[in-house]
Amino acid sequence: MAKVRNPLAGFGITIASALGFSFFMCVPILFLPQAELVYFYLPFALFGVGAFAGRSGFLGTLGFIGATMGAFLGVYAFQSVFLPQGWPLWFSDWAILMDAAFGACCGIGGLASGKLGLRRIERMSETGLKMRRCLKCGAKVGIAARKCWSCRAYLPPTG
């Protein structure tokens, strides 16, 4: 059975993987023959990075936010190191706006694959161990539990 992690750990992994992969996915734009191809290649590549990074979390919103933050930082770091004059054919004053737009493309990929993770969790809960409810407080307890974890009431024996 697959493990269910802490959502904040998945959020951190999403940010770190989006940051690293987005930095390296920007490297091919240094070798493109025309500057206009940057604006065609980079959004699609960053969508793929976000889809890959968003799989580490199982909540779509955390996948979106984590991939957006990670890609923004990765693209900004790349732009600062290799393109300090700004993006080609764009105003240099609006470089932060372009970095945010590229980060949003990555975030949409993280949202798409993060939503897929919720289905995986629901499927695990349907096929996993069955639960029963405490008669006193209504909390879900294991099938073989003798006492409720919440109110400490004794449970009737199972057949």
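### As for the nonpolar core
Across soluble globular proteins, nonpolar side chains have a tendency to be buried as a group.
Phase 1 of the analysis: In this structure, Ile29, Leu42, Leu46, Val75, Trp87, Phe102 and Cys106 are the most contacted members of the largest nonpolar core, which totals 18 residues.
Phase 2 of the analysis: Listing elements by their share of this core, those giving two or more residues are α2 (38–54), α3 (60–82) and α4 (95–127).
Phase 3 of the analysis: No other element matches the five residues that α2 contributes to this core.
Phase 4 of the analysis: Ignoring sequence-local partners within four residues, the contact set of Val75 consists of Ser22, Cys26, Leu46, Trp87, Asp99 and Phe102.
Phase 5 of the analysis: Counting five residues, the second largest nonpolar core, distinct from the first, contains Cys134, Val141, Cys148 and Leu155.

### Examining the packing of aromatic side chains
Phase 1 of the analysis: Applying the stated rule across the entire model yields nine aromatic pairs.
Phase 2 of the analysis: Ring centres of Tyr39 and Phe102 lie 6.4 Å apart, and the angle between their planes is 15 degrees; on these two criteria the pair is classed as stacked. Highlighted residues: Tyr39 in helix α2 and Phe102 in helix α4, separated in sequence by 63 residues.
Phase 3 of the analysis: Owing to a relative accessible area of 24%, Tyr39 belongs among the partly exposed residues under this scheme.
Phase 4 of the analysis: Classification of Phe102 as buried rests on a relative accessible area of 3%.
Phase 5 of the analysis: Arranged with centres 5.2 Å apart and planes meeting at 75 degrees, the rings of Trp87 and Phe102 form a pair that is edge-to-face. Taken together, the positions of Trp87 in the loop between α3 and α4 and Phe102 in helix α4 put the pair 15 residues apart, joining distant regions of the chain. An identical accessibility class is assigned to Trp87 and Phe102; each is buried.
Phase 6 of the analysis: Among the aromatic residues, ring-to-ring pairing joins Phe23, Phe24, Phe78 and Phe82 into one connected group.

### A look at the environment of Ile65
Phase 1 of the analysis: Residue placement: Ile65 occurs in helix α3.
Phase 2 of the analysis: On a C-alpha basis, the gap between Ile65 and Gly110 in space is 8.0 Å, while along the polypeptide they are 45 residues apart.

### Things to note about the confidence of the model for the protein chain
Phase 1 of the analysis: Of the residues in the protein chain, 86% have a pLDDT of 70 or more, and the chain-wide mean is 82.
Phase 2 of the analysis: Averaged pLDDT values over the elements of the protein chain bottom out at 77 in α4 and peak at 89 in α2.

Procedures and definitions
- Residues numbered from 1 in each chain as written.
- Predicted model: local features only at pLDDT ≥ 70, side-chain atom pairs only at ≥ 80, totals over all residues.
- Heavy atoms only, no water.
- Core = buried A, V, L, I, M, F, W, Y, C linked by side-chain atoms within 4.5 Å.
- Buried < 20%, exposed > 50% of the residue type's maximum accessible area, 1.4 Å probe, protein only.
- Helix = DSSP H or I, 4+ residues; strand = E, 2+ residues; numbered from the N terminus.
- Contact = heavy atoms within 4.5 Å.
- Phe/Tyr/Trp six-rings, centres within 6.5 Å; stacked < 30°, edge-to-face > 60°.
- pLDDT = per-residue confidence, 0-100.

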